[in-house]
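One letter stands for each residue in the lines below.
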Amino acid sequence: MRLASYLPRDGAPGAPRVGVLLADGLLDVTDWVDALPCAPRNPRVPGSTGSPSSGMLRLLESGPEALRALAERVRQPGSTEPRLVPLAAVELLAPIPNPRKIVAIGRNYADHAAETGVAAFEKPRIIAKLPNSVVGPGAQVAIPAGVEKLDFEVELGVVIGRPAHKVRADEALAHVAGYTVLNDLSAREFQFDVSPPQTTFAKSMDGFCPMGPWLVTADEVADPQALELRCAVNGQEMQHASTAQMIFPVARLIEYITGFVTLLPGDVIATGTPSGVGAFRKPPVWLKPGDRLRLEVSGIGVLEHTIA
């Protein structure tokens with residue numbers, strides 16, 4: 001399934017709704033999702049007791065069984081008739097509009113590590129992107145005052161579907177709800193030109209995590225290490241690689257992260273970017289107002305947004 005968070009373009013402001021992408025539009029399943037029971041308390045996470053979450057987060061918190069039940073509901077004859085919404089009538093949001101946390105991985109492609117002038121890491125380099133950075137497809141990302149070195153990074157986003165704590169690599173993919181496309185925008189002057197470096201801050205400014213256009217459930221992705229990534233700026237291809245080139249594949253990342261941090265449904269892992277980013281081109285290429293970005297992960301979708 002392709003699951004989307006959205007708002008009706010002609011409706012009153014409200015909470016994000018949940019839809020399943022079909023050939024003729026989105027099947028609105030919000031009422032079905034909101035009727036799911038609240039997730040039980042997670043003893044490893046203070047404050048997680050029976051949270052009355054809604055939308056996509058509530059669906060994921062209800063576990064793989066809810067995803068399977070939803071898939072069966074969508075297959076039922078006639079189930080699409082009363083709630084089918086044309087795509088033109090909605091504003092797509094990030095699939096997880098308000099994730100609790102986004103765990104980003106630095107220099108996880110050997111060619112990107114090489115272009116930065118460092119050897120491949122022996123363990124994953126963990127960076128945070130704060131949730132305020134998340135925006136959806138079609139967003140106009142404003143360049144903050146004082147930022148002149150705004151850079152792009154196409155990445156495979158991994159969305160967690162089951163609580164994960166000290167998970168082995170051979171079990172890790174069973175904790176994945178699905179995948180999306182993500183742009184790890186970065187203000188390089190805060191990452192490289194100041195002392196001490198402020199990498200998390202450089203990647204967490206408002207709008208610096210465009211994500212979407214939807215979440216493709218894990219059952220539709222046979223191998224997350226066999227996907228192509230592309231990024232184009234104003235129609236010129238800047239990045240093109242395969243997830244097979246990751247130094248630490250998705251399963252290994254989950255194993256490593258959950259050895260220290262519990263991952264919860266709706267948490268996102270930004271798995272790293274390949275070579276071709278603007279900072280290491282000669283001369284460097286920085287994003288500017290009016291730029292159009294097209295980011296694609298094969299089998300997942302195309303994420304487009306602009307720079308304001």
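Residues numbered from 1 in each chain as written. Predicted model: local features only at pLDDT ≥ 70, side-chain atom pairs only at ≥ 80, totals over all residues. Heavy atoms only, no water.

(A) Region of the structure containing the sheet that holds strand β18 (residues 292–297). Taken in spatial order, the five strands line up as β9-β19-β18-β15-β16 in an open sheet, and their pairing is mixed. Looking along the sheet, the strands with just one partner apiece sit at the ends: β9 (140–141) and β16 (236–242). Relative to β18, strand β15 (residues 228–233) is paired through five bridges, and the arrangement is antiparallel. Paired with Cys 231 across the strands is Leu 295, a residue of β18. (Pairing = 2+ DSSP bridges. Helix = DSSP H or I, 4+ residues; strand = E, 2+ residues; numbered from the N terminus.)

(B) Main features of empty space enclosed by the protein. Scanning all chains against the criterion turns up one cavity of 30 Å³ or more. One number sums up the size of the largest cavity: a volume of about 120 Å³. In terms of lining, the largest cavity is formed by 18 residues, of which the most central are Arg 107, His 112, Glu 153, Gln 191 and Lys 203. Those elements giving two or more residues to the lining of the largest cavity turn out to be β6 (102–106), α4 (110–116), β7 (125–129) and α6 (188–192). For the lining of the largest cavity, a count of residues per class yields five nonpolar, six polar and seven charged. (1 Å grid on protein atoms, 1.4 Å probe; cavity = no way out; pocket = protein on both sides within 12 Å on 5 of 7 lines; lining within 4 Å. Points joined across faces, edges and corners; volume = space filled by probe spheres on them. Nonpolar A, V, L, I, M, F, W, Y, C, P; charged D, E, K, R; others polar.)

(C) Summary view of the environment of Val 158. As for its position among the elements, Val 158 is in strand β11 (residues 154–160). In this structure the C-alpha to C-alpha distance between Val 158 and Leu 173, which are 15 residues apart in sequence, comes to 9.9 Å. With residues up to four places along the chain from it excluded, the contact list for Val 158 reads Val 176, Gly 178, Tyr 179, Val 250, Asp 267, Val 268, Ile 269 and Thr 271. (Contact = heavy atoms within 4.5 Å.)

(D) A look at the pairing of strand β12 (residues 176–183). A large share of β12 lies buried, amounting to eight of its eight residues. Sheet topology places β11 next to β12; seven bridges connect them, and they run antiparallel. Counted as the bridge partner of Val 159 is Gly 178 from β12. Relative to strand β14 (residues 209–217), β12 runs antiparallel, the two being bridged by four bridges. In the strand pairing of β14, Gly 178 is matched with Thr 217. (Buried < 20%, exposed > 50% of the residue type's maximum accessible area, 1.4 Å probe, protein only.)

(E) Main features of the side chain of Arg 107. Residue placement: Arg 107 occurs in the loop between β6 and α4. As a buried residue without a salt bridge, Arg 107 has its nearest oppositely charged side chain in Glu 153, at a separation of 8.0 Å. With residues near it in sequence (within four places) discarded, Arg 107 still touches His 112, Ala 113, Thr 116, Val 118, Phe 121, Arg 125, Phe 192 and Ile 247. (Lys, Arg positive; Asp, Glu negative; His and termini not counted. Salt bridge = Lys/Arg side-chain N within 4 Å of Asp/Glu carboxyl O.)

These figures come from the coordinates and say nothing about function on their own.
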